[in-house]
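# Structural features, examined
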Amino acid sequence: MDKNKCLDIFFALLTSQLTGGNKVSLDGITEEEIGYIFSLAKAHELLPIVLSAVSHSDSRFAKSSAVKNGIYKAIGIHERKLTAKDTIVGILEAEKIDYILLKGSAISSLYPVYWWRTFGDIDILIKREDVLRATDALKRKSDFLITVSGYKDIQILYCSNEKIELHLSLSGINGNKASCVLDRVWDYSVRKNKDVSEHVLNDEMLFFYHLSHMASHFQNGGCGIRFFCDYYLLLKNKDCDFNKLNEMLRQAGLEKFADCVLRICNMWFEGKNDDGVKETAEYIISTGNFGTRKTFLGTKCSQKGTFRYVLSRIFISHAELCELYPSLKEKKYKAPVFRIKYLGSVFFDRNRFTRAAKDYLKINKNDKNKIKRILDTVGL
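Remember, predicted model here, so these are calculated numbers, not experimental data.

Cut-offs and rules
Residues numbered from 1 in each chain as written. Predicted model: local features only at pLDDT ≥ 70, side-chain atom pairs only at ≥ 80, totals over all residues. Heavy atoms only, no water. Pairing = 2+ DSSP bridges. Helix = DSSP H or I, 4+ residues; strand = E, 2+ residues; numbered from the N terminus. Core = buried A, V, L, I, M, F, W, Y, C linked by side-chain atoms within 4.5 Å. Buried < 20%, exposed > 50% of the residue type's maximum accessible area, 1.4 Å probe, protein only. Contact = heavy atoms within 4.5 Å. Salt bridge = Lys/Arg side-chain N within 4 Å of Asp/Glu carboxyl O. Disulfide = S-S within 2.5 Å. Axes fitted to C-alpha atoms, helices over the stretch in contact; angles between N-to-C directions. Polar contact = N/O pair within 3.5 Å; in protein donor to acceptor, adjacent residues only side chain to side chain. Phe/Tyr/Trp six-rings, centres within 6.5 Å; stacked < 30°, edge-to-face > 60°. Lys NZ or Arg CZ within 6 Å of the ring centre and 35° of its normal.

As a further point, take the pairing of strand β4 (residues 153-158). When strand β3 (residues 144-149) meets β4, the two strands line up antiparallel, connected through five bridges. If you follow F144 over to β4, its bridge partner there is Y158.

Set out below in structure tokens:
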């Protein structure tokens, strides 16, 4: 099997769907090769868009039961997500709580067909002062179950299976550089219209938030192809003032990262060869949509050094401790108790300790050097 040929076809299928281009010829493609293309699409959560492209081709795979059933399944999953989103939005509107749709639930509207853009959690930003009103309203609804009520976000289950996150902030708990811009997110938003509580991000903040979100995933071991599809559609559909965006990126130290993202998009979707980001693109393809345990640890150890990173996971910051034990935010005097509790979970959970030790041993010097080289390339 020629993997380079499969990759060329994979990106041709994506590009044809994203741009409304010509059908992609699948003549001469074997069962093994189409299987590889489907497995790659699944790893990057792009299976619906690839299945749709194959179904419109003139190949023998177009009418296969696997393709048709995959499409029906994707539509069904997306419909359930939309129902959950519409229900939570209805509650926020009834309570007149300002909110902003984030990530997949917001960006899926850019895709030519709504169910092509998969997403897991339904992410919504609300203001911290509206938390009590929001949680009280949700508690009155039997379809909703609040599973975690933290300082950074509230995690909710709808009908026992659809996950919703009400974010109270877009900033990282460790105060990353992007926080200097993301802390002012509401200043960059406008009400969708005068009759609703929904706010939308202006184009510059939409681009900035997407890029900072990508950078965050990259620093945690994985930023898949789907993120680049999203960014490519933003470039094609939004009228961003790039002078303003570049200033925001400069403040957050993300100028080099944004340039690399653009170059990779041009390579994958515009056919422009770029040896300067080729290794990074290959790494992204290999990690899947959110990376693996190995790439996560490899990235962290490359950034901090293995010993320093291990220490940082044992002696976590107060902000991270609050995230694990939300009640600590209101009862700071209990910090020593919760820290001892956390250390106990680290050292006395034998299975967890053994798994962690094995994971660290899997990361060799070559892995760390490669990841460090890639992080340098993208400016992280």
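This brings us to the nonpolar core. Judged by nonpolar contacts, the single largest core of 84 residues is most densely connected at F208, F228 and W268. Those residues in contact with F208, other than ones at most four positions away along the chain, are A178, V181, L182, L245, M248, L249, A252 and L254.

As a further point, take the pattern of salt bridges. Applying the stated criterion across every chain, the model contains 19 salt bridges. Note that R226 and E45 form a salt bridge whose closest N and O atoms lie 2.8 Å from each other. Of this pair, R226 sits in helix α9 (residues 225-237) while E45 sits in the loop between α2 (31-43) and α3 (47-55), and the two are 181 residues apart along the sequence. For E45, a relative accessible area of 28% puts it in the partly exposed group. When the shortest N-O distance is used, the salt bridge between R263 and D259 registers 3.6 Å. Pair noted here: R263 and D259 are both in helix α11 (residues 255-269), with a separation of four residues, about one helical turn. Connected through shared salt-bridge partners, R80, K81 and E162 make up one network.

Once that is clear, we can look at the state of the cysteines. Following the criterion strictly, the structure yields zero disulfides and no others. Not engaged in a disulfide, the cysteine C240 finds its nearest cysteine sulfur in C265; these two sulfurs lie 14 Å apart.

If you walk across this open sheet you meet the seven strands as β3-β4-β5-β2-β1-β7-β6, and the pairing is mixed. Only two strands of the sheet have a single neighbouring strand rather than two, namely β3 and β6 (189-191). Across the sheet, the mean angle from the axis of one strand to that of its neighbour is 30 degrees, orientation sign disregarded. Relative to strand β5 (residues 162-167), β4 is paired through six bridges, and the arrangement is antiparallel. Its bridge partner lying in β5, I154 is registered against L166. Where helix α6 (residues 131-139) meets the sheet, it contacts β2 (122-126), β3, β4 and β5, and its direction lies at approximately 140 degrees from that of β3.

Residue placement: Y114 occurs in the loop between α5 (103-107) and β2. The exposure class assigned to Y114 is partly exposed, which follows from its relative accessible area of 34%. Taking the C-alpha atoms as reference points, Y114 and H78, separated by 36 residues in sequence, lie 8.3 Å from one another. Not counting the four nearest positions on each side in its chain, Y114 is found in contact with I75, H78, E79, L82 and S108. In terms of polar contacts, Y114 uses its side chain to reach the side chain of E79, at 2.5 Å.

Moving on, we get to the packing of aromatic side chains. As enumerated under the stated definition, the model contains 12 aromatic pairs in all. With a centroid separation of 6.3 Å and 70 degrees between ring planes, the pair formed by F11 and F269 is classed as edge-to-face. Pair noted here: F11 is in helix α1 (residues 3-19) and F269 is in helix α11, with a separation of 258 residues, a long-range link. With respect to class, F11 is no different from F269; both count as buried. Aromatic pair F144 and Y158: ring centres 5.0 Å apart, planes at 45 degrees, arrangement tilted. Linking F144 in strand β3 with Y158 in strand β4, this pair joins segments that are 14 residues apart in sequence. Each of the two residues, F144 as well as Y158, counts as buried. For K127, the ring lying beneath its charged end belongs to W186, and the centroid distance is 4.9 Å.

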